[in-house]
Amino acid sequence: MQAITESISERDIKRVERQLARQRLLSKMKRPQWLFWMLVKYVTLLMASVAVLIPPYAILMAAFKTPTEYYAKSKVDVPDSFLNFANFHKVFLDGDLGLAFYNTSVILLISLLFTILFGTQVAYVLSRFEFRGKKMVLVAYILAMFVPSVTTQVATFEIIKALGLINSKFSVILLYIGADVVMIYVFLQFMRGIPQELDEAAKIEGCSYFGIYWRIILPLLKPAIATIVILRTIYIYNDFYFPLLYMPEQSQVTVSTALYKFTTVFGTEWTTISAGIIIILIPSVTLFLLLQKQIYAGVTQGAVKG
Amino acid sequence: MLKLSLKQQQRVMIISFLFIPLLLLCVFSFYPATQLFSLSMTDWDGYAEVKNYVGFENYQSLLDDPAQLEPFLNTFYYFAGAVIQICLALWFAILVNSKLMGRNLFKTLLFIPFVLNTVAASMVFQIFYQVDGALDNFLQAVGLAGWIQPWLQDAGVVPWSLVAASIWRYLGFNLILFFGVLQSIPQDQYEAARIEGAGEWQQFRFITLPSIKLVFGLQVFLAFVGSLSVFDIPMIITKGANGTKTFVMATLETAFTFNDFGLASAMAVVLLLVVIAFMLLQRLLFRESK
């Protein structure tokens, strides 16, 4: 009996609330000022959306057009057929895209593995042990942030050359692993949230320090690792600077440098080049749509630390 | 098996876990930075065994020929663009944070260019800006044919074309930073303000603005350092033609095309010092509030 009256009154409250909200909206809509601002908001959002979409839209259309069609039609018109995959076929074979995806994947996987290993290890040692020189290590990581790698490559080139790594994937792998400082902060901050008591309990059970790192800390760091994997994957997949400088040989092209060379390989075959652009954009867009929430969080975290 | 005491175990852990990362940090971060200074005092061509010490000659030649510093001026176009970009990002962040219909879709759309491959995104614009390209055709289609410009050919227009491509690509980054802060403002503050009869502008002025001031300032600084080190977009779209060369491009060209690593190092040192000065300034200004 009581339950029924409660549910009725709840429903009533909801109904009244909804009516009030509608009334508020109606009274707002009568104000020209409110209408004006609503219009401004939607118009700017729509204009921005068009501005974001038009350039890639034109490329997508071009990718399905034949060269004659491309020059005959307006660039914003749809192609005769969306089943014309000739451009994609051509670009994949003649543009070394298979090789590029292979090279980028190898670089990405090795870099990620070591970035995570080293990053978590440094964070573990720095947050759990007291030792002489700890302050200096922390200061070193802060100082390293003041040296943007874009400025020092003229000198880095000498080192890579001395190590005999020009045209080797390990040139860029080492740079990706060695020059990433932001992740140390992400890991350190996350370590602070893992209670020391867990370590202590494991130690009493007879676990070694390495066991604590490997079996307790590493699994608990999973969310931080996910953040770093996302940030680094975006960075490495998109990076153009390091492979351009250190791996000029065709056998070592990455996704970025392969695409960069398209204007030399295909000249002004814009339809073929467009197909190449689309192929390279697909993994990014897919990954983004799948991991949207994590990417937003990761980008925010990475930027605030940096 | 050798049984180590806890203290010894700790020492082994510290050394084995820090050794390689610190070595990498030294080799690829600190050593190049110091090496840059010593290279800038030589005439090294990138190949020779010996590097001849030439003192401050390279710096002198930078001062003697200010044309070499001209690419620095392009920084200001990108910085101006970045300020516009940050303001636009704030406006759109406020919109997608309000109760507008389709806000998530708009957020996704505006953010997506930020995760795209740099070369692909830049080439999209290289094709988009062509004479009789998609932009021209689009303007014709919507009846704005009069706005058509030689987007990449005219030295007066091309910096802004590149800046627009840069805004297109990086707006989402600023948007998501602002959005994060806006989400953390408690809604009841706005509720209370509304009950007190505050309009939208007043709510923005007295609740939103104070909360985002810090992030706004930080982003302007990040934008400045970013503008100094622009490379990808002009390198891919124009290859530096029509006065679009940036300072990083000029430095790399001096080193790798003209084989003058000494002069290139001197240029890099100048850039490094400017960047460090601005980052220190940022630290000082934002220290207590962090």
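None of these values were measured; they are calculated from a predicted model.

**Describing the overall build of chain B**
On a plain count of helices and strands, chain B comes out with 12 helices and 0 strands. Written out in order from the N terminus, the α and β elements of chain B read α-α-α-α-α-α-α-α-α-α-α-α. Computed over its C-alpha atoms, the radius of gyration of chain B comes to 25 Å, more than 25% above the 19 Å expected for a compact globule of 290 residues. Referenced to the eigenvectors of the C-alpha coordinate spread, the extents of chain B come out at roughly 75 × 70 × 40 Å.

**Quick word on the overall build of chain A**
If you tally the helices and strands in chain A, you get 17 helices and 0 strands. Compactness check: chain A gives a C-alpha radius of gyration of 27 Å against a globular reference of 19 Å for 306 residues, more than 25% above the reference. Viewed in the frame of its principal axes, chain A has a C-alpha envelope of about 75 × 70 × 35 Å. Going through the 306 residues of chain A one by one, you find that 39% of them count as buried. Nonlocal contacts in chain A, meaning residues at least 24 apart in sequence, comprise 75% of its contacts between residues at least 6 apart.

**Focus: the environment of A:Ile295**
Residue position: A:Ile295 is located in helix α17 (residues 292-305). Those residues in contact with A:Ile295 that sit more than four places away from it in its chain are A:Ile230, A:Phe288 and B:Val115.

**Describing the interface of chain A and chain B**
Taken together, the contacts link 67 residues of chain A with 67 residues of chain B. In terms of residue count, the dominant contributor to the side of chain A that touches chain B is helix α2 (residues 32-63) of chain A (11 residues). Its residues assigned to classes, the side of chain A that touches chain B shows 50 nonpolar, 14 polar and 3 charged.

**Some remarks on helix α3 (residues 74-97) of chain B**
The end-to-end C-alpha distance of α3(B) is 34 Å, a good match for the 34 Å that 24 residues give at a rise of 1.5 Å each. All of the buried residues in α3(B) are B:Asn74, B:Tyr78, B:Gly81, B:Ala82, B:Gln85, B:Ile86, B:Ala89, B:Leu90, B:Phe92, B:Ala93, B:Leu95 and B:Val96. Close packing links the buried residues of α3(B) with α2 of chain A together with α4 (103-111), α7 (158-183) and α9 (200-228) of chain B.

**Points about the nonpolar core**
If you look at the biggest cluster of nonpolar residues, it comprises 156 residues, and the most contacted ones within it are A:Leu259, A:Ile277, B:Ala120 and B:Leu175. Per-element accounting of this core gives the leading share, 15 residues, to α7(B). Apart from the residues within four sequence positions on either side, B:Ala120 is in contact with A:Leu259, A:Ile277, A:Ile280 and A:Leu281.

**A word on α7(B)**
Residues and elements named next belong to chain B. Spanning 26 residues, α7 covers 37 Å between terminal C-alpha atoms, matching the ideal 38 Å at 1.5 Å per step. Its maximal kink placed at Tyr170, α7 deviates by approximately 45°. With 21 of 26 residues buried, α7 is to be regarded as a mostly interior element.

**Digging into the packing of α2(A) against helix α5 (residues 118-128) of chain B**
Where α2(A) contacts α5(B), the axes come no closer than 9 Å and their chain directions differ by 80°. As far as their axial angle goes, α5(B) and α2(A) are roughly perpendicular. Contacts between α2(A) and α5(B) involve A:Pro55, A:Pro56, A:Ala58 and A:Ile59 from the former and B:Val124, B:Phe125, B:Ile127 and B:Phe128 from the latter. Residue composition of the contact of α2(A) with α5(B), grouped by class: 8 nonpolar, no polar and no charged.

**Observations concerning unusual backbone geometry**
Peptide bonds are, in most cases, trans, and in most cases residues other than glycine have a negative phi. Despite not being glycine, B:Asp132 has its phi angle at roughly 60°, a positive value. Mapping B:Asp132 onto the fold places it in the loop between α5 and α6 (134-141).

**Overview of the domain arrangement of chain A**
Taken domain by domain, chain A holds domain 1 (1-44) and domain 2 (95-260). Placing the centre of domain 1 of chain A and that of domain 2 of chain A at their C-alpha centroids yields a distance of 51 Å.

**What to know about the environment of B:Pro150**
Residue and element names in this part refer to chain B. With respect to the helices and strands, the residue Pro150 is situated in the loop between α6 and α7. Judged by the 15 C-beta atoms lying within 10 Å of it, Pro150 falls in the partly exposed class. Sequence separation of Pro150 and Asp64 is 86 residues, and the distance between their C-alpha atoms is 34 Å. Those residues in contact with Pro150 that sit more than four places away from it in its chain are Val131 and Val157.

**Looking at the confidence of the model for chain B**
Counting all residues, the mean pLDDT for chain B is 87, and 98% of those residues have values of 70 or more. On the interface metric, ipTM, the complex scores 0.86, and its pTM is 0.86.

**Examining the confidence of the model for chain A**
When the pLDDT values of chain A are averaged, the result is 88; 96% of them are 70 or greater. The secondary-structure element of chain A with the lowest mean pLDDT is helix α1 (residues 2-30) of chain A, recorded at 73, while helix α5 (residues 97-128) of chain A shows the highest, at 94.

Cut-offs applied
- Residues numbered from 1 in each chain as written.
- Chains lettered and ligands numbered in written order.
- Predicted model: local features only at pLDDT ≥ 70, side-chain atom pairs only at ≥ 80, totals over all residues.
- Helix = DSSP H or I, 4+ residues; strand = E, 2+ residues; numbered from the N terminus.
- Rg over C-alpha atoms; globule rule 2.2 N^0.38 Å.
- Buried ≥ 20, exposed ≤ 12 C-beta atoms within 10 Å, placed from the backbone.
- Contact = placed C-beta atoms within 7 Å.
- Nonpolar A, V, L, I, M, F, W, Y, C, P; charged D, E, K, R; others polar.
- Expected span 1.5 Å × (residues − 1).
- Core = buried A, V, L, I, M, F, W, Y, C linked by C-beta atoms within 7 Å.
- Bend = angle between axes of the 7 residues up to and from the residue.
- Axes fitted to C-alpha atoms, helices over the stretch in contact; angles between N-to-C directions.
- Parallel < 35°, antiparallel > 145°, perpendicular 65-115°, else oblique.
- Domains from an automatic or database assignment.
- pLDDT = per-residue confidence, 0-100.

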